[in-house]
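Understanding the architecture of this molecule
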Amino acid sequence: MQAIAYEVVAETDVMIAMRDGVKLAADIYRPARAGKAVDEPFPVILERTPYGKQRASRSEVDRGETKPRLRAEVAAQFVPDGYIVIYQDCRGRHASEGEFVKYLSDGEDGYDTVRWIEKQSWCNGKVCTMGLSYAAHTQVALACLAPKSLSAMVVDCGGFSNAYQSAIRSGGAFEMKQVTWAFNQAKESVLAQSDAGVREALNAEDLCEWFKRMPWVKGQSPVKWAPEYEDYLFEQWTHGEFSEYWRQLGIYTEGWYEEYADVPQIHMSSWYDAYVRTATDNYMGLKRIKRGPVRLIMGPWTHGDRSKSWSGDVDFGEASPIDGNLAKNWTELRRRWFDYWVRGIDNGVGQEPSVRLFLMGGGTGRKIASGRMDHGGRWIQGDDWPLPAVRPARFYLREGGELSKDLPATNARPISFDYDPSNPVPTMGGPLTSGQPVFEGGGFDQREHERFFGCKNPGMPLSARPDVLVFETPPLREDVAIAGPVTVKLYISSNCIDTDFTAKLIDVYPPNEDYPRGYALNLCDGILRCRYRNSWGQARLMTPGTVYEITIEPFATCNLFKAGHRIRLDVSSSNFPRFDLNWNTGEPEGRARTRKIATNTVYVDEARASHVVLPLIALNDLQPLPRAAGL
């Protein structure tokens, strides 16, 4: 006989003291009978957030729904089954005391909170964590300190493996989503909420206009009205070298893998999310040394949009969302995970595969009813990441714009272009989040459009720009699948002492009636700031005219290139506003005042064979993912 569900009672704004005396506010939702909390211990689910513990979470929405749930409503989905759910405002946010410093207080604050919870009579000694994005960062930060009662985790799109290499900086460049996030969240700061003048000043700023007026100076930026937000932003921006700053708890999980809690945990992200590398690196680093189990889920969505079938202007079909494919819905996936590992309910979770990946591609390439392009795809599974069956293959950049497995000619001429930081290549989708109102993530035809910041020639392909080098295969004779990390090796030179090089992998559709000029779908991209070509920890400027070998590491991806498509690699020196601009002067990052136009060169001869390494996998080695239990 099934037990009767509990009622829910809430205690709001419970102030929990941290080790330094600062008190953080929490809302506690408990099982109840007849309106009174049940006087017995239960497992606890904790989420720590900077976004307001009593507000709706934009990602708590199931397939077909349009209105996100309030956190109280989410709690009401778990408490009746015998869980206590706690939401806590991070330090310096909303009802919590203290000063907000992004990421760096969340390890100790989370640990102290869990230790407080485990001492309460209503906790049975088992604490689970969940949360998206920043609430994923907070989970992983506290797990680095391994509180003894931590028992299971669902980490969704976050939990920095190494913030220097993913989501704050990447390839030495600064990720501009940190700028848009700081500006938008400054409006929600304690100062802005208490001071109408600050609030009005922030609301009066036009962030898009500010992005046209780079570089900024600390104290003369749109974030200056909220000094604690501007302070941490410029700290991140100006710490260009990999130093002790980047090894701090909260932004450097890989430095804590040995100490990290050995508990059952899911790490989840998606191919158009900013945390691809975070999820895959944490999975690899923790699985090797923990009993776990540690599991990986990678979908095709943008950040946290796991219940949507689309990303940007591209649709992946009804097989792509969490809902109805990996579980009944997102709530059910988490509940089944916690039920199995914390409550001992045998629901089949223990038999699920270690790695679940969405293989994008295979669709018709036509426009569907929503107006999006049908790229299609399907779920596959594996025992590890990268998939053991993957075979890396080199594709060489050749004179004339060909991408081929054949070595380039001995006497092939280098290819040069001018990179002008006053006219950068505009960002058109990709693994992005928190970019509004300046940029957005996802898959798009790489053709300029008014919706994208910096586009000056709507309708023209990015490949038509003189500062974009295009290398592509002939039309494929058969389907080609890739699944894993992508690496680009370039031989380059410049007439400047510092510059950037970028690389973008693209699936090129042939023309059809809906897209008579074809469709160039961005899959993944990356950057390298050349001063860090030898060492992340010690910048070294270039000698103009000297040839250097550099490595660009775009995020991993998983895609099926259909027969008749082309595999394309675009090489340039900017991708703005995803990454900050290199002014080509060698000035300290975040402090530059001058700019130069760089003439940059890529070498494509046999002795200096620039190439991309793609993670090929044979079609018969792709293991389909069976329908999840309970569906």
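The structure displayed is predicted, hence computed values, not measured ones. (Residues numbered from 1 in each chain as written. Predicted model: local features only at pLDDT ≥ 70, side-chain atom pairs only at ≥ 80, totals over all residues. Heavy atoms only, no water.)

**Some details on the overall build of the protein**
- The secondary structure content of the protein amounts to ten helices and 30 strands.
- Its C-alpha radius of gyration of 25 Å places the protein within 12% of the 25 Å reference for a compact globule of 631 residues.
- Principal-axis analysis of the C-alpha atoms gives the protein an extent of 80 × 55 × 45 Å.
- Out of the 631 residues in the protein, the part that is buried amounts to 61%.
- Here the analysis covers contacts within the protein between residues at least 6 apart in sequence; of these, 75% occur between residues at least 24 apart.
- For the protein, the accessible area works out to roughly 23300 Å², and carbon and sulfur atoms hold 48% of it. (Helix = DSSP H or I, 4+ residues; strand = E, 2+ residues; numbered from the N terminus. Rg over C-alpha atoms; globule rule 2.2 N^0.38 Å. Buried < 20%, exposed > 50% of the residue type's maximum accessible area, 1.4 Å probe, protein only. Contact = heavy atoms within 4.5 Å. Areas by Shrake-Rupley, 256 points an atom, 1.4 Å probe, with all protein chains shown as cover.)

**Considering the layout of surface pockets**
- When its volume is computed, the largest pocket comes out at roughly 900 Å³.
- Taken together, 41 residues form the lining of the largest pocket, with Arg58, Leu132, His303, Thr433 and Ser434 sitting closest to its centre.
- Elements with a contribution of two residues or more to the lining of the largest pocket: strand 4 (42-49), strand 6 (123-132), helix 4 (177-186) and helix 10 (330-342).
- At four residues, helix 4 tops the list of elements feeding residues into the lining of the largest pocket.
- When its residues are assigned to classes, the lining of the largest pocket shows nine nonpolar, 17 polar and 15 charged.
- One number sums up the size of the second largest pocket: a volume of about 450 Å³.
- Of all the secondary structure elements, the ones that give two or more residues to the lining of the second largest pocket are strand 18 (402-404), strand 21 (480-484) and strand 29 (611-617).
- Counting residues per element, the lining of the second largest pocket draws most heavily on strand 18, at three residues.
- Partitioning the lining of the second largest pocket into residue classes produces twelve nonpolar, two polar and six charged. (1 Å grid on protein atoms, 1.4 Å probe; cavity = no way out; pocket = protein on both sides within 12 Å on 5 of 7 lines; lining within 4 Å. Points joined across faces, edges and corners; volume = space filled by probe spheres on them. Nonpolar A, V, L, I, M, F, W, Y, C, P; charged D, E, K, R; others polar.)

**Let's talk about empty space enclosed by the protein**
- Counted under the stated rule, the structure contains five cavities of 30 Å³ or more.
- Quantified by volume, the largest cavity comes out at close to 170 Å³.
- Lining the largest cavity are 20 residues, and of these Asp580, Leu581, Trp583, Gly590 and Ala592 lie nearest its centre.
- For the lining of the largest cavity, the per-class residue count stands at eight nonpolar, five polar and seven charged.
- By volume, the second largest cavity amounts to about 110 Å³.

**Observations regarding the packing of aromatic side chains**
- For the coordinates displayed, the defined rule picks out 39 aromatic pairs.
- Here Tyr103 and Phe160 contribute two aromatic rings whose centre-to-centre distance is 4.7 Å and whose plane-to-plane angle is 80 degrees, an arrangement assigned as edge-to-face. A residue pair is termed long-range when its members are at least 10 positions apart, and Tyr103 in the loop between strand 5 (84-89) and helix 2 (106-118) and Phe160 in the loop between strand 7 (150-156) and strand 8 (169-170) qualify at 57 residues. In this structure, Tyr103 and Phe160 share a single accessibility class: buried.
- Judged by centre distance (5.8 Å) and plane angle (90 degrees), the ring pair of Phe211 and Trp216 falls under edge-to-face.
- In this structure Phe211 comes out as buried when scored by relative accessible area, which is 2%.
- Residue classification places Trp216 among the buried positions, given a relative accessible area of 3%.
- An aromatic cluster of at least three residues, connected via ring pairs, comprises Tyr51, Phe100, Tyr103, Tyr134, Phe160, Trp181, Tyr229, Tyr232 and Tyr275. (Phe/Tyr/Trp six-rings, centres within 6.5 Å; stacked < 30°, edge-to-face > 60°.)

**What to know about the sheet that holds strand 13 (residues 314-315)**
- The strand order across the open sheet built from three strands is 12-13-15, with neighbouring strands paired in mixed fashion. Because the sheet does not close on itself, it has two edges, and the strands there are strand 12 (310-311) and strand 15 (373-374).
- Of the strand pairs in this sheet, strand 12 and strand 13 are connected by two bridges, and their pairing is antiparallel. Bridge pairing links Trp310 to Asp315 in strand 13. (Pairing = 2+ DSSP bridges.)

**Focus: the pairing of strand 26 (residues 557-561)**
- A large share of strand 26 lies buried, amounting to five of its five residues.
- Across the two faces of strand 26 the burial is the same, with Thr557, Asn559 and Phe561 and Cys558 and Leu560 all buried.
- The sheet contact formed by strand 21 and strand 26 spans five bridges and is antiparallel. By the bridge assignment for strand 26, Val480 is matched with Phe561.

**Comments concerning the environment of Ile168**
- Following the sequence through the fold, Ile168 ends up in the loop between strand 7 and strand 8.
- Measuring from C-alpha to C-alpha, the distance between Ile168 and Ala274 comes to 9.6 Å, with 106 residues separating the pair along the chain.
- Non-local contacts of Ile168, meaning those with residues more than four positions away in its chain, are made with Tyr103, Phe160, Ala163, Ala173, Phe174, Glu175, Gln178, Gln236, Trp246 and Ile251.

**What to know about helix 2**
- With 13 residues, helix 2 should reach 18 Å at 1.5 Å per residue; the first-to-last C-alpha distance of 18 Å fits that figure.
- Of the surrounding elements, those touching the buried residues of helix 2 are strand 1 (7-17), strand 2 (23-33), strand 4, strand 5, strand 6 and helix 3 (134-143). (Expected span 1.5 Å × (residues − 1).)

**Notes on the side chain of His611**
- Here His611 is to be found in strand 29.
- Within the structure, the side chain of His611 is placed 2.9 Å from the backbone oxygen of Ala609, a separation counted as a polar contact.
- Dropping the residues within four chain positions of it, His611 is found in contact with Arg394, Phe395, Tyr396, Leu397, Thr487, Val488 and Lys489. (Polar contact = N/O pair within 3.5 Å; in protein donor to acceptor, adjacent residues only side chain to side chain.)

**Describing helix 6 (residues 196-204)**
- Taken together, the buried positions of helix 6 are occupied by Val198, Ala201 and Leu202. Projected down its long axis, helix 6 carries its buried residues within an arc of 95 degrees, all on one side. Those residues of helix 6 that are exposed and aimed more than 90 degrees away from the buried face are Glu200 and Ala204.
- As for helix 6, its buried residues are in contact with helix 4 and helix 5 (190-194). (Arc of directions from axis to C-beta.)

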